[in-house]
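# An overview of the molecular structure
What follows is each chain in one-letter form.
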Amino acid sequence: QVQLVESGGGSVQAGGSLRLSCATSGYTYSNYGMGWFRQAPGKEREGVAVISPGGGGTVYADSVKGRFTISRDNAKNTVSLQMNSLRPEDSAMYYCAADSPLLSLYSDYYRYWGQGTQVTVSS
């Protein structure tokens, strides 16, 4: 059974940092793209950052470029999202997703999803 478990969310002030992690199990982790998505209340889910199977390719949403960094450790079956210079508009539930055949921010490409971790940024 495939499981993705996110951790690292919390509440911070604007300008602060958080590091999200996603641990995977029951899954051939290293063969497919993975990503982070977020959804704020009343808004659609949006892609934040995605990473290729080997980690050499990444794509970021324009809103987070230069502030967020996605990485993966295939030996530990984890993918992380370092978030710096956080803004109130970054507040959302953040989801880890896996098993995309393409390096894409389009959520429909991803087969497996975690339960999410909440990020709240206050001004």
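The text that follows walks through the structure, step by step, so that each part is easy to find. Here the residue numbering is sequential within each chain, running from 1 through the sequence in written order. Local features are withheld for residues below a pLDDT of 70 in this predicted model, meaning they are given only at 70 or higher, and side-chain atom pairs are given and counted only at 80 or more; totals for whole chains, interfaces and linings count all residues. The basis for every side-chain value is the complete set of heavy atoms in the structure, and neither hydrogens nor water enter the calculation.

### Some words on the state of the cysteines
Stated precisely, the cut-off is as follows: By disulfide we mean two sulfur atoms from cysteines, separated by a distance within 2.5 Å. Put simply, DSSP H or I for four residues or longer makes a helix, DSSP E for two residues or longer makes a strand, and each gets a number counted from the N terminus. Exposed residues in this analysis have more than 50% of their type's maximum accessible area, buried residues have under 20%, and partly exposed residues fall in between, with area computed by a 1.4 Å probe over protein chains only.
Across all of its chains, the model carries 1 disulfide by this definition. Between Cys 22 and Cys 96 runs a disulfide, and the two sulfur atoms are separated by 2.1 Å. Taking the torsion about the S-S bond as the criterion, the Cys 22 to Cys 96 disulfide, at about -80°, is left-handed. Here Cys 96 lies in strand 9 (residues 92–100) and Cys 22 lies in strand 3 (residues 18–25), a separation of 74 residues in the sequence. Across the pair, exposure class does not vary: Cys 22 and Cys 96 are buried alike.

### Some words on the pattern of salt bridges
Rule in force here: The term salt bridge refers to a side-chain nitrogen of Lys or Arg lying within 4 Å of a carboxyl oxygen of Asp or Glu.
Inspection of every chain in the model, using the stated rule, returns 5 salt bridges. A salt bridge links Glu 46 to Arg 38, with the nearest nitrogen and oxygen atoms 2.7 Å apart. Given the relative accessible area of 34%, Glu 46 is considered partly exposed. Its salt-bridge partner being Arg 111, residue Asp 99 comes within 3.5 Å of it at the nearest N-O pair. Of the two residues, Asp 99 sits in strand 9 while Arg 111 sits in the loop between strand 9 and strand 10 (112–113), which places them 12 residues apart along the sequence. Note on Asp 99: relative accessible area 11%, which makes it buried. Look at Arg 111 and you get exposed, because its relative accessible area is 57%. Beyond isolated ion pairs, a larger network of salt bridges with shared partners links Arg 38, Glu 46, Arg 67 and Asp 90.

### Overview of the side chain of Asp 90
Worth spelling out the cut-off: Distance and chemistry together define a polar contact, namely a pair of N or O atoms within 3.5 Å, with one atom able to donate a hydrogen and the other to accept it when in protein, and with adjacent residues in sequence counting only for side-chain atoms on both sides. Residue contacts are defined here by distance: any two heavy atoms, one from each residue, within 4.5 Å place the two residues in contact.
Of note, Asp 90 is situated in the loop between strand 8 (78–83) and strand 9. Within the local environment of Asp 90, its side chain forms a polar contact with the side chain of Arg 38, the two groups lying 2.9 Å apart. Reaching out from Asp 90, the side chain makes a polar contact with the backbone nitrogen of Arg 87 at a distance of 2.8 Å. In this structure Asp 90 touches Arg 38, Arg 67, Phe 68, Ser 85, Val 119 and Val 121, once residues within four positions along its chain are discounted.

### Some remarks on the pairing of strand 8
Each regular strand shows side chains that alternate between the opposite faces of the sheet. Test applied: For two strands to count as paired, DSSP must find a minimum of two bridges between them.
Bridging between strand 3 and strand 8 involves 6 bridges; their strand directions are antiparallel. Considered in strand 8, the bridge of Cys 22 is made with Val 79. Following strand 7 (residues 68–73), the chain reverses through 4 residues before pairing antiparallel with strand 8; Asn 77 in that reversal takes a positive phi of roughly 55°.

### A short note on the nonpolar core
Inclusion rule: Among buried residues, the Ala, Val, Leu, Ile, Met, Phe, Trp, Tyr and Cys ones that are joined through side-chain atoms within 4.5 Å form a nonpolar core.
Membership of the largest hydrophobic core comes to 27 residues, with the highest contact counts inside it found for Trp 36, Leu 81, Met 83 and Tyr 94. Secondary structure elements with two or more residues in this core: strand 3, strand 4 (33–39), strand 5 (46–51), strand 7, strand 8, strand 9 and strand 11 (117–122). Counting residues per element, this core draws most heavily on strand 9, which supplies 4 residues. Leaving out residues up to four positions away in the same chain, Leu 81 has contacts with Leu 18, Arg 19, Leu 20, Trp 36, Val 48, Ala 49, Phe 68, Thr 69, Ile 70 and Tyr 94.

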